[in-house]
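# Structure at a glance
In case you want the letters, here they are:
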Amino acid sequence: GVHERVAFNQDDTVKSINGKIEMMRQEIAKNGYTFEVGFNSAMQYPLENLCTFNPDLADPDSYLYERNEMDLYGQTYALPVSFIGPYTPVKNQGNCGSCWAFSMTAEAETTAKLLTGTTYDFSEQYVLDCTSRTWGCNGGFFDFVTFVTPSGARAESCLPYIAKKNRKCNTSCPIIYSISGWAYVGNSSSVPTVDAIKTAIYNHGGVSAAVYCDSYMQAYTGGCFNGTASGSCNHAIQLIGWDDAQCTTGAWRMKNSWGTGWGEAGFMWIKYGSQQIGYAACYSY
């Protein structure tokens, strides 16, 4: 249907973009969706350049970082109906499929802010260049090893983001913060329960997670996203909170890495369960 047919590309004119947005709006009205679409800064890049999270790249040893969901309930409090944890400013990955690096960096920054009260700006470029795997702008998965003691985060000011992978890993920037470790809320290949994700956000300030992103999400400008497209998860983001009153049955507050010109100043409300939101949710500590 229209859902799959509408895609933005670099050959688009203002007229063709407006035509596609109009088609989307008709589809949104027909399906009773509760979000708006319009022109935004993320549409200057093809979706396949923005969304390169790849489930096939999950470490065969992922089980080492998995936690039994019941472990989380040992730490469960009476969860509030809405909650926003600490978070750091929205960044922009540009025309490089480094969403996986931005998601993990946002999560590490959240951990640092939660534990120290300081808002750090960690270098995504360091993660992109220095991952022990061959990941780059063409995709990656979750692996916080570059942040974990004795390794650690470098400052953005020392190694600024250039939206492409350097061939060499620059280790001259000093470590400014290290996390103790990281874990999946459930496992590396499914969406945990809403309560399990909530508990992880409540205890750890946020979670890195993936979602199936389509052109409707790319064109999102506000409201509560409740798209129903299906496909393999292709985009890594951070979930920083929730509100059970949003989207009628509840929604996550999602922080993206497409700059503040996308969505609600870089954020989105997305309905629990929409397009596999929360896939492979994980947190640092």
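See above for the structure.
Predicted model only: the values in this text are computed from it and were never measured.

### Focus: unusual backbone geometry
Residue Pro150 follows Thr149 across a cis peptide bond; omega there is 5°. Along the polypeptide, Pro150 turns up in the loop between helix H6 (124–130) and strand S3 (182–184). Despite not being glycine, Ala163 has its phi angle at roughly 60°, a positive value. The class for Ala163 is partly exposed, based on a relative accessible area of 27%. Phi at Gln276 takes a positive value of approximately 60°, unusual for a residue other than glycine.

### As for helix H7 (residues 194–204)
The α-helix advances 3.6 residues per turn, and as a result positions three or four apart in sequence lie on the same side. Extensive coverage of H7 is indicated by the burial of eight of its 11 residues. Within H7, the full set of buried residues consists of Ala196, Ile197, Lys198, Thr199, Ala200, Ile201, Asn203 and His204. Just beyond H7, the residue with positive phi is Gly205, at close to 90°.

### Concerning a nonpolar patch on the surface
The grouping of Tyr63, Leu64 and Tyr65 at the surface amounts to a nonpolar patch, some 330 Å² of accessible area in total. Mapped onto the elements of the fold, Tyr63 is located in the loop between helix H3 (47–50) and helix H4 (69–73). Relative accessible area serves as the criterion here: at 52%, Tyr63 is assigned to the exposed category.

### Some thoughts on the pattern of salt bridges
Here the structure, examined in full by the defined rule, presents nine salt bridges. A salt bridge links Arg133 to Asp59, with the shortest nitrogen-to-oxygen separation between them at 2.7 Å. Note that Arg133 is positioned in the loop between H6 and S3 and Asp59 in the loop between H3 and H4, a separation of 74 residues in sequence. Across the pair Lys91 and Glu124 runs a salt bridge, and its minimum N-O distance is 2.8 Å. Here the residue Lys91 occupies a position in the loop between strand S2 (82–84) and helix H5 (99–116), and Glu124 occupies one in helix H6, the gap between them amounting to 33 residues.

### Considering the state of the cysteines
Where two cysteines share a covalent bond between their sulfur atoms, that bond is called a disulfide. By the definition in use, this model includes four disulfides. Paired through a disulfide, Cys224 and Cys247 show a sulfur-sulfur distance of 1.9 Å. Torsion about the S-S bond of the Cys224 and Cys247 cystine: about -115°, corresponding to left-handed handedness. One end of the pair, Cys224, is in strand S5 (residues 220–225); the other, Cys247, is in the loop between strand S6 (235–243) and strand S7 (251–255), and 23 residues separate them in sequence. Accessibility classification places Cys224 together with Cys247 in one group, the buried group. Here the protein chain pairs its bonded cysteines, counted in sequence order, in the arrangement 1-3, 2-5, 4-6, 7-8. Considering cysteine sulfurs only, Cys213 is the nearest to Cys51, which forms no disulfide, with 3.5 Å between them. Assessed through its relative accessible area of 8%, Cys51 is described here as buried.

Rules and cut-offs
Sequence order as written defines the numbering, with residues in each chain counted from 1. Given that this is a predicted model, residues contribute local features only at a pLDDT of at least 70 and side-chain atom pairs are listed and counted only at 80 or more, while totals for whole chains, interfaces and linings are drawn from all residues. Derived side-chain values reflect all non-hydrogen atoms in the structure, with water molecules and hydrogen atoms excluded from consideration. A run of H or I in DSSP counts as a helix once it spans at least four residues, and a run of E counts as a strand once it spans at least two, with each numbered from the N terminus. Each residue is assigned to one of three classes by its accessible area relative to the maximum for its type, calculated with a 1.4 Å probe on protein chains only: buried under 20%, partly exposed between the two thresholds, exposed over 50%. What goes into a patch is any residue over 30% in relative accessible area without a salt bridge, connected to like charges within 9 Å or, for nonpolar side chains (Val, Leu, Ile, Met, Phe, Trp, Tyr), within 5 Å. All accessible areas in this document rest on Shrake-Rupley with a 1.4 Å probe, and a residue is counted as covered only by the protein chains that are shown. By salt bridge we mean one thing: a side-chain nitrogen of Lys or Arg within 4 Å of a carboxyl oxygen of Asp or Glu. Disulfides are defined in this document as cysteine sulfur pairs within 2.5 Å.

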